[in-house]
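# Coordinates in review
One-letter residues, chain by chain:
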Amino acid sequence: MIRLAGDNRVGSKTRDWEVENPTLDRISESIVDLDGNRRTETSVTEDDPFRYLSIAGGPDLYLVTGESAEGEILQLKEPGSGSQEVSLVCGGQLGVFERSELVTQQLAIKAVSDFLNGFPDGLGASWSVE
């Protein structure tokens, strides 16, 4: 089973939400809703075999990380986009990232499609493996 989860922050309270077996459209909608303020993270998880994809930040740039079924920790990067520092709220926490560690909304949504079709195949060298 695949699960979609995310945050919804109101003041000092966070109301997490979850959807079972979401469509690609529903997952994409959750990424578009990320605003770096009230909504700062969404994730897609599969139980068997365990793997996940996390998309955080918004509304313009996103931190995309995950874990493959083989246990590899992955991060989607946008090589060549520069090394300037960018402040971004991810999971309710302000962080500073190099621009090359962040991706556009279009690439984040493409990563979800890739995840649903086998992950991380399809995006090739843009995935950093640890």
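Residue positions are counted from 1 within each chain, in the order its sequence is given. Predicted model: local features are reported for residues with pLDDT of at least 70 only, side-chain atom pairs are reported and counted for 80 or more only, and whole-chain, interface and lining totals are derived from all residues. Side-chain descriptors were evaluated using all non-hydrogen atoms of the structure, hydrogens and water having been removed beforehand.

## A word on the pattern of salt bridges
What counts here: One side-chain nitrogen of Lys or Arg within 4 Å of one carboxyl oxygen of Asp or Glu is enough to make a salt bridge. Put simply, DSSP marks the helices as runs of H or I at least four residues long and the strands as runs of E at least two long, and each gets a number from the N terminus on. Note on classification: 1.4 Å probe, protein chains only; a residue is buried when its accessible area is under 20% of the maximum for its type, exposed when over 50%, partly exposed between these limits.
If you walk through the whole model with that rule in mind, you get six salt bridges. A salt bridge links D47 to R3; the nearest nitrogen and oxygen atoms lie 3.1 Å apart. A residue pair is termed long-range when its members are at least 10 positions apart, and D47 in the loop between strand 5 (41-46) and strand 6 (51-57) and R3 in strand 1 (residues 2-6) qualify at 44 residues. Under the relative-accessibility criterion, R3 is labelled partly exposed at 23%. A single salt-bridge network, built from bridges that share partners, covers R3, E18 and D47.

## Topic: the packing of aromatic side chains
Each aromatic ring pair is described using two quantities: the centre-to-centre distance and the angle formed by the ring planes. We apply this condition: Within 6.5 Å between ring centres, the rings of Phe, Tyr and Trp (the latter by its six-membered ring) count as paired, and their orientation is classed by plane angle as stacked under 30 degrees, edge-to-face over 60, tilted in between. Only lysine NZ and arginine CZ atoms are considered, and such an atom sits over a ring when it is within 6 Å of the ring centre and within 35 degrees of the ring normal.
A full pass over the atoms with the stated rule returns one aromatic pair. With a centroid separation of 6.1 Å and 45° between ring planes, the pair formed by F50 and Y52 is classed as tilted. The ring of W17 carries R26 above its face, with NZ or CZ at 4.9 Å from the centroid. Positioned above the aromatic ring of F115, the side-chain terminus of R51 is 4.1 Å from the ring centre.

## Side note on helix 1 (residues 24-32)
Since the α-helix turns once every 3.6 residues, residues separated by three or four places project in the same direction. The line we're drawing: Here the arc refers to the set of directions running from the helix axis out to each C-beta atom. Contacts: residue pairs with any heavy atoms within 4.5 Å of one another.
Of all the residues in helix 1, the buried ones are I27, S28, S30 and I31. Taken around the axis of helix 1, the buried residues stretch over an arc of 155°, which confines them to a single face. Contact partners of the buried residues in helix 1: strand 1, strand 4 (17-20), strand 5, strand 6, strand 7 (61-67) and helix 2 (105-116).

## Digging into unusual backbone geometry
Note that the residue after D48, namely P49, is joined by a cis bond; omega there is 0°. Secondary-structure assignment places P49 in the loop between strand 5 and strand 6. Note the cis peptide between G58 and P59, where omega equals 0°. Along the polypeptide, P59 turns up in the loop between strand 6 and strand 7.

Taken by themselves, the reported measurements are silent on function.
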